[in-house]
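A closer look at the structure
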Amino acid sequence: SDYQEQGEQIDPAKLFGAKSKDALKVDKHNHPLPEAKAGKALVVVVCPALAARYAGRGNQFKLHANDRVIAVNKQGTYSFAYLDPGKYRLVSQSENAYGFEMEVAAGKSYYFLQNTFGGVLKNDTSLSRHSPELVMYLLNGSYYSDWKPK
C-alpha cells in the first residue's frame, strides 16, 4: 500500500535521546483522542500488545523525531504528538532502533504502529505507517500513555 514506508535498523547508541529516562503512567481512565491542529502535523502511534496480559507492562518503546523523544509507549498503549512541518527521521527504539525519514505537512495526520517482537523479556521494535482506520481501531482498545521526561 502507499502507507508502507521502508525502514532500516539504526544503532540505538546514535540516538540523542536513547538513554533518556521517561516517567510513564498507564492511564486506564482517561482516553484522550488525537485531533488535528492547524499549522502542525499530528503523529499518532499505537504499540499493540502481543497478548492482553502484557498490556501496560514491560519495556518502554520510545518514538524519536530527529533528536527528541515525542512519544513513549508500552505494549497496549498509545500516544500522540504534534510536529512542525518538515522532514524528520522517525525512529522507534527499545533495545534496538528502527525507523525511516519522511516529510510531514501542516494540518495532516500520520498514523503508526510500534510493533514489538519477542514477548516481555526481549523487546525489539519496528515502526510502520498504516491507515487511520487500522491505527484508530487499535487505539480504541489501548490505554493512554501519560508520559513525561523524568
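Below is a summary of the structure that appears in this document.

Rules used throughout
- Residues numbered from 1 in each chain as written.
- Predicted model: local features only at pLDDT ≥ 70, side-chain atom pairs only at ≥ 80, totals over all residues.
- Heavy atoms only, no water.
- Core = buried A, V, L, I, M, F, W, Y, C linked by side-chain atoms within 4.5 Å.
- Buried < 20%, exposed > 50% of the residue type's maximum accessible area, 1.4 Å probe, protein only.
- Helix = DSSP H or I, 4+ residues; strand = E, 2+ residues; numbered from the N terminus.
- Contact = heavy atoms within 4.5 Å.
- Polar contact = N/O pair within 3.5 Å; in protein donor to acceptor, adjacent residues only side chain to side chain.
- Salt bridge = Lys/Arg side-chain N within 4 Å of Asp/Glu carboxyl O.
- Pairing = 2+ DSSP bridges.
- Phe/Tyr/Trp six-rings, centres within 6.5 Å; stacked < 30°, edge-to-face > 60°.

Glancing now at the nonpolar core. Ranked by internal contacts, the top residues of the largest apolar core, which has 18 residues, are L83, L90 and F112. Tallying contributions element by element places strand 8 (residues 97-104) first for this core, with 4 residues. Sequence-distant contacts of L90, defined by excluding residues within four places in its chain, comprise H64, A65, L83, Y98, G99, F100, M102, F112 and L127. One finds V44, V46, Y78 and L139 within the second-largest nonpolar core, a separate group that totals 10 residues.

With that out of the way, let us pick up the side chain of T77. In this fold, T77 is placed in strand 6 (residues 77-83). Among the polar contacts made by the side chain of T77, one reaches the side chain of N73 at a distance of 2.8 Å. In this structure the side chain of T77 is engaged in a polar contact, spanning 2.9 Å, whose partner is the backbone nitrogen of K74. When near neighbours in sequence (up to four residues on either side) are disregarded, T77 contacts V26, V45, V46, C47, G56, S142, Y143 and S145.

Further remarks concern the pattern of salt bridges. Pairing between side chains of opposite charge can happen when their charged atoms approach one another. As enumerated under the stated definition, the model contains 5 salt bridges in all. Here K14 and D11 are joined by a salt bridge, their closest N and O atoms 3.8 Å apart. Judged by its relative accessible area of 64%, K14 is exposed. The partly exposed category is assigned to D11, whose relative accessible area is 38%. Across the pair K87 and E101 runs a salt bridge, and its minimum N-O distance is 3.6 Å. Linking K87 in strand 7 (residues 86-93) with E101 in strand 8, this pair joins segments that are 14 residues apart in sequence.

Glancing now at the environment of S131. Tracing the chain through its elements places S131 in the loop between strand 10 (124-129) and helix 1 (132-140). Counting along the chain gives 19 residues from S131 to F112, while the straight-line C-alpha distance between them is 8.3 Å. Within the structure, the side chain of S131 is placed 3.2 Å from the backbone nitrogen of L134, a separation counted as a polar contact.

On to the pairing of strand 7. Burial analysis of strand 7 places 6 of its 8 residues in the buried class, the great majority of the element. In terms of strand pairing, strand 4 (residues 61-65) meets strand 7 through 4 bridges, oriented antiparallel. Within strand 7, the residue paired with K62 across the bridge is Q93. Looking at chain direction, strand 7 and strand 8 are connected through 8 bridges and run antiparallel. Looking across to strand 8, one finds that K87 is bridged to E103. The antiparallel pairing of strand 7 with strand 8 creates a hairpin that spans 3 residues between the two strands.

The final tally for this structure, using the stated rule, is 4 aromatic pairs. Relative to Y144, the ring of F80 lies with its centre 6.2 Å away and its plane at 45°, an arrangement referred to as tilted. With a gap of 64 residues between them, F80 in strand 6 and Y144 in strand 11 (residues 143-149) connect regions that are remote in the sequence. Judged on exposure class, the residue F80 and its partner Y144 are both buried. Site record: aromatic cluster; members linked through ring pairs are Y78, F80, Y82 and Y144.

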